[in-house]
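What the coordinates show
Okay, here's what each chain looks like letter by letter:
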Amino acid sequence: MNHDQNPFVQAEMLNLLDNLPAELAARHPLQFLMHLDHVRQKAAEHRLSALRDLSSALESALQPAMQNGGAMTIARSYLEAMRATLDMGQINPAMTEALLANVALRLGGQA
């Protein structure tokens, strides 16, 4: 399903992301990860592969950050990229890689 053709899917996913503040990653990491997993599952269900991949990458990047600090910064950068995927329409794997590279540049090697 192409989410560009279904505004309900886009609204649902934006709502899920809006209810996942980056601050939650620092204050309540387990709750953040549970919500993030729900976003990933919904993205997979709607065949939004870029959003699913970014969710997985965020989870991986958060593991060390939750122990060493910086979880909120990492979460914020990834969440911005995740929202951007919903504005872009259909995204191919190369564009997903470009988004991941952009996040890495913004984080300056923190992820």
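Here, every reference points to the structure presented above.
Here we come to the nonpolar core. Ranked by size, the top nonpolar core spans 30 residues in total, and within it M13, F32, L51, L58, L62, L79 and M82 carry the most contacts. When residues of this core are traced back to their parent elements, those giving at least two are α1 (7-18), α2 (22-27), α3 (29-45), α4 (49-68), α5 (71-88) and α6 (93-107). Take this core: its biggest share by element is 8 residues, from α5.

With that out of the way, let us pick up α4. Between its terminal C-alpha atoms α4 stretches 29 Å, which fits the 28 Å expected from 20 residues at 1.5 Å a residue. Taken as a whole, α4 carries its principal kink of about 35° at L62; the proline P64 stands between one and four residues after it. Among the residues making up α4, those that are buried are A50, L51, L54, S55, L58, A61, L62 and A65. The positive-phi residue at the C-terminal boundary of α4 is G69, with phi of around 90°.

Right, let's talk about the pattern of salt bridges for a bit. With the rule as written, the count across this model stands at 7 salt bridges. The closest approach of N and O atoms between E45 and K42, which form a salt bridge, is 3.5 Å. Taken together, the residues span about one helical turn, with E45 and K42 both in helix α3 at a distance of 3 residues. Linking D53 and R52 is a salt bridge whose minimum nitrogen-to-oxygen distance equals 2.9 Å. Residue R52 is classed as partly exposed on the basis of its relative accessible area, which comes to 32%. Within the structure, one salt-bridge network assembled from shared partners comprises E12, K42 and E45.

What counts, and at which threshold
Residues numbered from 1 in each chain as written. Predicted model: local features only at pLDDT ≥ 70, side-chain atom pairs only at ≥ 80, totals over all residues. Heavy atoms only, no water. Core = buried A, V, L, I, M, F, W, Y, C linked by side-chain atoms within 4.5 Å. Buried < 20%, exposed > 50% of the residue type's maximum accessible area, 1.4 Å probe, protein only. Helix = DSSP H or I, 4+ residues; strand = E, 2+ residues; numbered from the N terminus. Expected span 1.5 Å × (residues − 1). Bend = angle between axes of the 7 residues up to and from the residue. Salt bridge = Lys/Arg side-chain N within 4 Å of Asp/Glu carboxyl O.

Any functional reading would require information that these geometric values do not contain.
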